[in-house]
Amino acid sequence: MTNHLRTGAVAVLACGALVAALGLTHHGRDSGSAPVGPYVALGDSYTAGPDIPDQNGTPLGCDRSSQNYPALVAAALKLQPAQISDRSCSGATTADLSGQQSTGNGTNPAQFTALTSDTRLVTLGIGGNDIGFSSLITRCVETGVLYNAIKLGVSIGDDAPCRAQYVSGGTDQVQQKIDAAATRVSAALDEIKKRSPKARVYVVGYPAVLPSDGTDCARSMGLAAGDVSYLREKEQDLNSMLQREAKAAGAGYVDTFTPSVGHDACAAAGTRWIEPLVPSSPAAAVHPNARGERGMADAVLSTVAG
């Protein structure tokens, strides 16, 4: 992602380069024809786009948006509806790639069932729920609200009270979960390669949820300043793991963190890609809004084209 979204002209050029890179053509036609997939999108809520209009797809409990990054990538590639299968689902973990996922409104089939030997492009955005990142943020918010209320401008010691609950004696519980998730991500990439050997596979990282300086996050996120830094560090560690596993599997990695810097949940409403605890745009709390999904789509297109 970049500080400014790409213009239409740049997007067209990127799309053209992407088509050439993938070698996608209509069956039985020459390489000058419009591209087709099949394209399969796998992932969790950061892929699905909960609460971003319009919500579509089945089951409804997966909270997929017609403006999520898989839909935007497919549109840029001029794919027909039958040429894209978006199996992303809010709350998904790596286990839900190979098994059914029950939601509050329907059951999502194992996401891997969308993969075939004909699949030519796969994006995978997974891992956050494996490490319990949403629960981690919730707990840190609860701790931070109490901390900020007690502090009232007076120093009371450690400014990362939530981190203290997860890090002790040199052991970081969140890091342990990231390390454990690496094995599952590796296995998932192996399975994708097995099911779709001709596909180009890209692991999509997570955009910046929080800024480097947490002093202005108390109002929008309720976090203690030190915990903002800790959570940002853990997200970067998660992304680093995803990038390593992608490289080890011979897959590509889409960096959505770098270009989203400055567009985090504590940024101004008109520029942020991630909504805060109380969203001002149609999107789930602490999730990408439509601007964020567009930024992620641009990152996917740019990475594959490059």
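Rules used throughout
- Residues numbered from 1 in each chain as written.
- Predicted model: local features only at pLDDT ≥ 70, side-chain atom pairs only at ≥ 80, totals over all residues.
- Heavy atoms only, no water.
- Axes fitted to C-alpha atoms, helices over the stretch in contact; angles between N-to-C directions.
- Helix = DSSP H or I, 4+ residues; strand = E, 2+ residues; numbered from the N terminus.
- Parallel < 35°, antiparallel > 145°, perpendicular 65-115°, else oblique.
- Left-handed = near helix turned anticlockwise from the far one by under 90°.
- Contact = heavy atoms within 4.5 Å.
- Nonpolar A, V, L, I, M, F, W, Y, C, P; charged D, E, K, R; others polar.
- Core = buried A, V, L, I, M, F, W, Y, C linked by side-chain atoms within 4.5 Å.
- Buried < 20%, exposed > 50% of the residue type's maximum accessible area, 1.4 Å probe, protein only.
- Pairing = 2+ DSSP bridges.
- 1 Å grid on protein atoms, 1.4 Å probe; cavity = no way out; pocket = protein on both sides within 12 Å on 5 of 7 lines; lining within 4 Å.
- Points joined across faces, edges and corners; volume = space filled by probe spheres on them.
- Disulfide = S-S within 2.5 Å.

Draft legend 1. Seen up close, the packing of helix α3 (residues 69-76) against helix α11 (residues 290-305). At their nearest, the axes of α3 and α11 sit 8 Å apart, and the two run at 50° to each other. Taken together, the axis directions place α3 and α11 in an arrangement best described as oblique. Between α3 and α11 lies a crossing whose hand is right-handed. The segment α3 lies against α11, with Tyr69, Leu72, Val73 and Ala76 engaging Glu293, Arg294, Met296, Ala297, Val300 and Leu301. In the contact of α3 with α11, the residues fall into eight nonpolar, no polar and two charged.

Draft legend 2. The nonpolar core, seen in detail. Ranked by size, the top nonpolar core spans 49 residues in total, and within it Leu42, Ile192, Leu210 and Met221 carry the most contacts. Listing elements by their share of this core, those giving two or more residues are β1 (39-43), β7 (121-125), α5 (133-151), α7 (173-195), β10 (200-204) and α9 (225-248). Per element, the largest residue contribution to this core is eight residues, and it comes from α7. Listed in part, the 18 residues of the second largest apolar core include Tyr39, Leu72, Met296 and Leu301.

Draft legend 3. Here's a closer look at the pairing of β1. Buried residues dominate β1, accounting for five of its five residues. Burial along β1 is two-sided: the residues Tyr39, Ala41 and Gly43 and Val40 and Leu42 are all buried. The sheet contact formed by β1 and strand β4 (residues 84-86) spans three bridges and is parallel. If you follow Val40 over to β4, its bridge partner there is Ser85. The pairing of β1 with β7 spans five bridges and is classified as parallel. Its bridge partner being in β7, Val40 is matched across the sheet by Val122.

Draft legend 4. Highlighting the layout of surface pockets. Approximately 280 Å³ is the volume attributed to the largest pocket. Lining the largest pocket are 16 residues; nearest its centre among them are Asn56, Gly57, Arg64, Ile84 and Asp86. At the level of secondary structure, the elements contributing two or more residues to the lining of the largest pocket comprise β3 (64-65), α3 and β4. Among the residues making up the lining of the largest pocket, the classes are represented as five nonpolar, eight polar and three charged. Within this model, the second largest pocket holds a volume of roughly 230 Å³. Those elements that provide at least two residues to the lining of the second largest pocket are α2 (45-48), α5 and α9. Residues belonging to the lining of the second largest pocket are distributed by class as follows: eight nonpolar, six polar and two charged.

Draft legend 5. Representation of the pairing of β7. Where burial is concerned, most of β7 is hidden: five out of the five residues are buried. Alternating residues of β7 divide into Leu121, Thr123 and Gly125 and Val122 and Leu124, and every residue in both groups is buried. The pairing of β7 with β10 spans four bridges and is parallel. Bridge pairing links Val122 to Val201 in β10.

Draft legend 6. Examining the packing of α7 against α9 more closely. Running from N to C, α7 and α9 point in directions that differ by 25°, and their axes come no closer than 9 Å. Considering the angle they form, α7 stands roughly parallel to α9. In this structure, the crossing between α7 and α9 has a hand that is right-handed. Residues Val174, Gln175, Ile178, Ala181, Ala182, Val185, Ser186 and Leu189 of α7 pack against Tyr230, Lys234, Asp237, Leu238, Met241, Leu242, Glu245 and Ala246 of α9. Residues that form the contact of α7 with α9 fall into these classes: eleven nonpolar, two polar and three charged.

Draft legend 7. Molecular detail of the state of the cysteines. The tally for this structure, following the rule as stated, stands at three disulfides. Shown here is the disulfide that connects Cys62 with Cys89, its sulfur atoms set 2.0 Å apart. Here the disulfide of Cys62 and Cys89 is left-handed, its torsion about the S-S bond being about -90°. Residue Cys62 is located in the loop between β2 (55-56) and β3, and its partner Cys89 is located in the loop between β4 and α4 (95-98); the two are separated by 27 residues in the primary sequence. A relative accessible area of 0% means that Cys62 is categorised as buried. Classification of Cys89 as buried rests on a relative accessible area of 0%.

Draft legend 8. Local environment of the environment of Ala110. Within the element layout of this structure, Ala110 appears in the loop between β6 (106-108) and β7. Along the backbone, Ala110 and Asp96 are 14 residues apart, and their C-alpha atoms lie at a distance of 5.9 Å. Excluding residues that lie within four positions of it along the chain, Ala110 makes contacts with Arg87, Asp96, Leu97, Ser98, Gly99 and Gln100.

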